[in-house]
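Now for the letters of each chain:
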Amino acid sequence: MSASVIDFIATEARFGAHNYEPIGVVLSRGEGVWVWDTEGNRYLDCLSAYSAVSQGHCHPKILAALVEQAHRLTLTSRAFHNDQLALFYEEIAALTGSHKVLPMNSGAEAVESAIKSVRKWGYEVKGVPDGQAEIIVCANNFHGRTLGIVSFSTDPETRTHFGPFAPGFRIIPFGDAVALEDAITPNTVAFLVEPIQGEAGLVIPPAGYFTKVRQLCTVNNVMLVLDEIQTGLGRTGKLLAEQHEGIEADVTLLGKALSGGFYPVSAVLSNNDVLGTLRPGQHGSTFGGNPLACAVARAAMRVLVEEGMIENAARQGARFLEGLKGIRANTIREVRGRGLMLAVELHPEAGGARRYCEALQGKGILAKDTHEYTIRIAPPLVITSDQVDWALERLATTLTQDFS
Ligand SMILES: *Cc1c(COP(=O)(O)O)cnc(C)c1O
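Residues numbered from 1 in each chain as written. Predicted model: local features only at pLDDT ≥ 70, side-chain atom pairs only at ≥ 80, totals over all residues. Heavy atoms only, no water.

Novice: It is not clear to me how the sheet that holds strand E1 (residues 27-31) should be interpreted in this structure. Could you clarify?
Specialist: Pairing between sheet strands relies on hydrogen bonds along the backbone, with the strands arranged either parallel or antiparallel. With mixed pairing, 4 strands are arranged side by side in an open sheet as E1-E2-E3-E13. Of all the strands in the sheet, the pair left with one neighbour each is E1 and strand E13 (365-366). The sheet contact formed by strand E3 (residues 42-45) and E13 spans 2 bridges and is parallel. What sits directly across from Leu 44, in E13, is Ile 365. (Pairing = 2+ DSSP bridges. Helix = DSSP H or I, 4+ residues; strand = E, 2+ residues; numbered from the N terminus.)

Below you can see the structure in the form of structure tokens.
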């Protein structure tokens, strides 16, 4: 490493809170599926900023929308109307088939906003006694990092010494519809769940799970809140992961790729009166729904559809999964995925995913280890067949590598 690279890393370590442990690469440029470090080395980005850069790095049309809007108007606050918000509402509602939209910034804020909204709905529409609302969530969930959200995390790392925590959550196993049925009480207002658990190491629920979940929620008048912040907007080869299950959520949460990685934009979408319970002054955000965010999100949604990225995610995801399954390495325990949300789970004896990710870095691929034994692979949705094959070749040599 040159002196300048070491300086960036050392300076971060010196001044920054050490709440991340990045792989030792300092990036300075990105285009499409590629990123470059400060030395000029090129890498295939197989993380896509946890699926926020699904449209590819620095997509020219999203960039143009950002620059054009930044010249005109960036922030008004919601104290005044702006000429982008209505268009954003109209376009995201049409794209997702939703009736109401609440614009926020980070994914965690969308989750918090959904929790507040379903509680309010529970008290004012369902008739739950005040202060008694219960929300059911799943073990090993990941919904963000705010205090409210870590209150119902089951990961000790994210909770230890951050309490006291918010009450009102019940935790059940993921993928178990009977557990949901048993956990529902007259005070249950919502079931908050990821269609595929991303941060837990890419856990795909059993077939038919969500059909049963949908039935149970409908029968018991419980709002089904799907956190599609990572799975949504084409990542799994469909616009929303719920489409694989043939169901519709009552509340859908989007974030990450909603801006194509340019800017934090998230949204709560609801198909019934959940968001309708909010009155002026009861919820808000200074930056939520600002014209710059709206212009960026509009362009990000437009290119996703116009450039066929969702279909490409399905096609290239199938190719990638097939290729990964073809790699004969005794380090591999399982390969799984849906669309371009893929994971290689290693045998514990292989010695951890981190060193494989570091070896991949040496071959021009940036991937992220997750939960010790899993390598997550989630390239931008604009990846081509040649690029998939290029990545597979390098993955094959790395996964068969002997580290001893
Ligand atoms: C990333 C993520 C979040 C949180 O989004 P932030 O923008 O980091 O706050 C919430 N839910 C899921 C499923 C995520 O993947």
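Novice: Can you help me understand helix H14 (residues 385-399) in this one?
Specialist: Given a rise of 1.5 Å per residue, 15 residues ought to cover 21 Å, and the 21 Å separating the end C-alpha atoms of H14 matches this to within 8%. Within H14, burial applies to Gln 387, Val 388, Ala 391, Leu 392, Leu 395, Thr 398 and Leu 399. The buried residues of H14 occupy an angular sector of 135° when projected down its axis, which confines them to one face. H14 presents Asp 386 and Glu 393 as exposed residues on the side facing more than 90 degrees away from its buried surface. (Expected span 1.5 Å × (residues − 1). Buried < 20%, exposed > 50% of the residue type's maximum accessible area, 1.4 Å probe, protein only. Arc of directions from axis to C-beta.)

Novice: Any chance you could explain empty space enclosed by the protein here in plain terms?
Specialist: With a probe scaled to a water molecule rolled over the atoms, the places where space remains empty come into view. Under the counting rule described, the total for this entry stands at 2 cavities of 30 Å³ or more. In this structure, the largest cavity spans a volume of roughly 60 Å³. Taken together, Ser 51, Gly 198, Gly 201, Leu 202, Gln 230, Met 341, Leu 342, Thr 370, Arg 376, Ile 377 and Ala 378 make up the full set of residues lining the largest cavity. Mapped onto the lining of the largest cavity, the elements with two or more residues apiece are strand E12 (341-346) and strand E15 (374-377). Looking at the lining of the largest cavity residue by residue, the classes come out as 5 nonpolar, 5 polar and 1 charged. As a volume, the second largest cavity reaches approximately 30 Å³. Along the walls of the second largest cavity sit Phe 88, Pro 103, Met 104, Val 265, Gly 289, Ala 293, Cys 294 and Ala 297, which together make up its complete lining. Secondary structure elements with two or more residues in the lining of the second largest cavity: strand E4 (100-104) and helix H11 (291-306). Residue composition of the lining of the second largest cavity, grouped by class: 7 nonpolar, 1 polar and no charged. (1 Å grid on protein atoms, 1.4 Å probe; cavity = no way out; pocket = protein on both sides within 12 Å on 5 of 7 lines; lining within 4 Å. Points joined across faces, edges and corners; volume = space filled by probe spheres on them. Nonpolar A, V, L, I, M, F, W, Y, C, P; charged D, E, K, R; others polar.)

Novice: What am I meant to see in unusual backbone geometry here?
Specialist: Trans peptide bonds make up the majority, and among non-glycine residues the majority have a negative phi. The amide bond that connects Gly 163 to the next residue, Pro 164, takes the cis arrangement and shows omega of 5°. Turning to its location among the elements, Pro 164 is positioned in the loop between helix H7 (156-159) and strand E6 (169-172). Positive phi, normally seen in glycine, also occurs at Ser 51, with a value near 80°. As for its position among the elements, Ser 51 is in helix H2 (residues 48-51). Judged by its relative accessible area of 4%, Ser 51 falls in the buried class.

Novice: Teacher, can you tell me more about the site of the ligand here?
Specialist: Contacts to the ligand come from Ser 106, Gly 107, Ala 108, Phe 142, His 143, Gly 144, Glu 194, Asp 227, Ile 229, Gln 230 and Lys 256. Take Lys 256: an N or O atom from its side chain is 2.6 Å from an oxygen atom of the ligand. Across the complex, the protein chains shield 80% of the 380 Å² of accessible surface that the ligand would expose by itself. Broken down by class, the residue content of the shell around the ligand amounts to 3 nonpolar, 5 polar and 3 charged. (Near = heavy atom within 4 Å. Polar contact = N/O pair within 3.5 Å; in protein donor to acceptor, adjacent residues only side chain to side chain. Areas by Shrake-Rupley, 256 points an atom, 1.4 Å probe, with all protein chains shown as cover.)

Novice: Explain the layout of surface pockets to me, please; I cannot follow it from the model alone.
Specialist: Approximately 480 Å³ is the volume attributed to the second largest pocket. Taken together, 17 residues line the second largest pocket, and the ones lying closest to its centre are Arg 78, Tyr 89, Val 101, Leu 102 and Pro 103. With 5 residues, the single largest contributor to the lining of the second largest pocket is E4. Here the residues of the lining of the second largest pocket sort into 8 nonpolar, 6 polar and 3 charged.

Read these as layout, nothing more, since geometry by itself doesn't imply function.
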